[in-house]
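As a plain string of letters, each chain reads:
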Amino acid sequence: MSYGQPTSDDGYAAPPEVPWREFARSPLVPFALAASGGLIADRYVGVPLAAALLAAAVALGGWYSARRAAPQTAMGWLLTCAAALAAAHHHAHRHSFAPDDIANFASDEPAAVSVRGVLADEPDRFRPPRPDPLLTMQREASSSAVLDVREIDGVEGWRPASGSVRLAVEGRLDDLHCGDVIEVTGRLSLPDGPANPGERDRRALLLDRRITAELRVKRSADPVVRLEEGWRASLF
C-alpha cells in the first residue's frame with residue numbers, strides 16, 4: 001500500500017496545499033503577530049508603560065469572562081493582552097533604568113570623567129585609514145567596545161554607577177578582552193541624535209541595546225587601564 005499524495009474521486013492527485021496556509025494555521029502565529037503589533041506600536045507611536053499594563057490587565061479580565069460563553073471573543077481579548085504585554089516589555093527595555101544609570105551623569109556636552117567597569121564584549125579594532133594629503137593630522141587606528149559601568153569618580157570620590165556606555169578609543173586595545181575590569185578617563189556625553197530629518201538616529205539604535213551614553217578617549221589608548229583580568233579566569 002503506497003502513501004503518496006491524496007487523490008480525488010476521479011483518480012487524479014490533488015494539488016499540494018499552499019505552504020503559507022499550513023503556516024497560518026499554527027497556533028502561535030496569531031500571538032506572534034499580535035506581539036509584533038505591540039512592539040511596532042511602542043517603537044513608532046510610543047505607549048506609556050502604565051497604559052500598556054492597564055490594557056493587558058483589562059484584556060486578561062475580558063478573556064477570563066468570555067472564555068466559555070464566546071470563545072472567539074475570548075481569543076481576541078487574549079491577542080490584545082499579548083500585544084499590550086509586548087508593548088510594555090519594549091517600553092521597559094528602552095526606558096527603564098536605575099537611578100544611578102550612567103546617562104544621569106552625562107549631557108549633550110562632553111565632560112571629562114573617570115569610570116570603572118567591565119568590558120561587555122570583545123573590543124573592535126580598526127586599522128588606520130589611508131593617509132589623506134588634505135589632513136595635517138592623519139587618523140590613527142581606533143577601537144570600540146561596550147563597557148558595563150560599575151563606578152564613576154566624582155567630587156566625593158568613587159561612587160556606584162550602572163548602565164552601559166559605548167567606548168570609543170583613538171588607539172588599539174590589543175591587550176584588553178571581554179570580561180576585563182578597566183578604568184577609563186575620557187569625555188562622557190549622551191549619544192548624538194539625528195542632525196537632519198531622515199538621518200539615522202544613533203541614540204535610538206544604541207538605546208535598543210540599552211546603551212545610554214558614549215565615552216570617548218582622544219589621541220591615545222593610555223587612559224584605558226586594566227585593573228583586573230577577567231577573560232582568562234572565565235575559562236576555568
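Above: the structure in question.
We now turn to the structure provided with this report. Since the structure is predicted, the reported quantities are computational estimates derived from the model, not experimental observations. (Residues numbered from 1 in each chain as written. Predicted model: local features only at pLDDT ≥ 70, side-chain atom pairs only at ≥ 80, totals over all residues. Heavy atoms only, no water.)

What to know about the pattern of salt bridges
In plain terms, the rule: Salt bridges, as used here, are contacts in which a Lys or Arg side-chain nitrogen is within 4 Å of a carboxyl oxygen on Asp or Glu. The helix count covers DSSP runs of H or I at least four residues long, the strand count covers runs of E at least two residues long, and both are numbered beginning at the N terminus. Accessibility here uses a 1.4 Å probe with only protein chains present; expressed as a share of the type maximum, an area under 20% marks a residue as buried, one over 50% as exposed, and anything in between as partly exposed.
All told, the structure shown has 14 salt bridges when counted by the stated rule. Residues arginine 94 and aspartate 208 are paired through a salt bridge, measuring 2.8 Å at the closest nitrogen-oxygen approach. Residue arginine 94 is found in helix H4 (residues 71–95), and its partner aspartate 208 is found in helix H5 (residues 202–208); the two are separated by 114 residues along the sequence. Judged by relative accessible area, aspartate 208 falls into the partly exposed class, the value being 29%. Between aspartate 180 and arginine 226 there is a salt bridge, with its nearest N and O atoms 3.3 Å apart. Taken as a pair, aspartate 180 in the loop between strand E5 (164–169) and strand E6 (181–189) and arginine 226 in strand E8 (residues 224–228) lie far apart in primary sequence, 46 residues in all.

Examining the side chain of glutamate 214
Counted only if it meets this: Contact between two residues is taken to exist if any of their heavy atoms lie within 4.5 Å; hydrogens are not considered.
Relative to the helices and strands, glutamate 214 is located in strand E7 (residues 211–217). Accessibility expressed as a relative area gives 2% for glutamate 214, which makes it buried. Apart from residues no more than four positions distant in its own chain, glutamate 214 is found in contact with Arg166, Arg187, Leu188, Ser189, Leu190, Pro191, Asp192, Arg202 and Leu206.

Let's talk about helix H3 (residues 49–66)
Short version of the rule: What a helix is expected to span follows from its residue count: subtract one and scale by 1.5 Å. Each direction from the helix axis to a C-beta atom contributes to the arc, which is the arc of those directions.
A rise of 1.5 Å per residue sets the reference length of H3, with its 18 residues, at 26 Å; its end C-alpha atoms lie 26 Å apart and thus fit the reference within 8%. Buried within H3 are the following residues: Ala52, Ala56, Ala59, Gly62 and Ala66. The buried residues of H3 occupy one face: seen down the axis, they fall within an arc of 125°. In this structure, H3 carries Ala50, Leu54, Tyr64 and Ser65 as exposed residues pointing more than 90 degrees from its buried face. Where H3 is buried, its residues touch H4.

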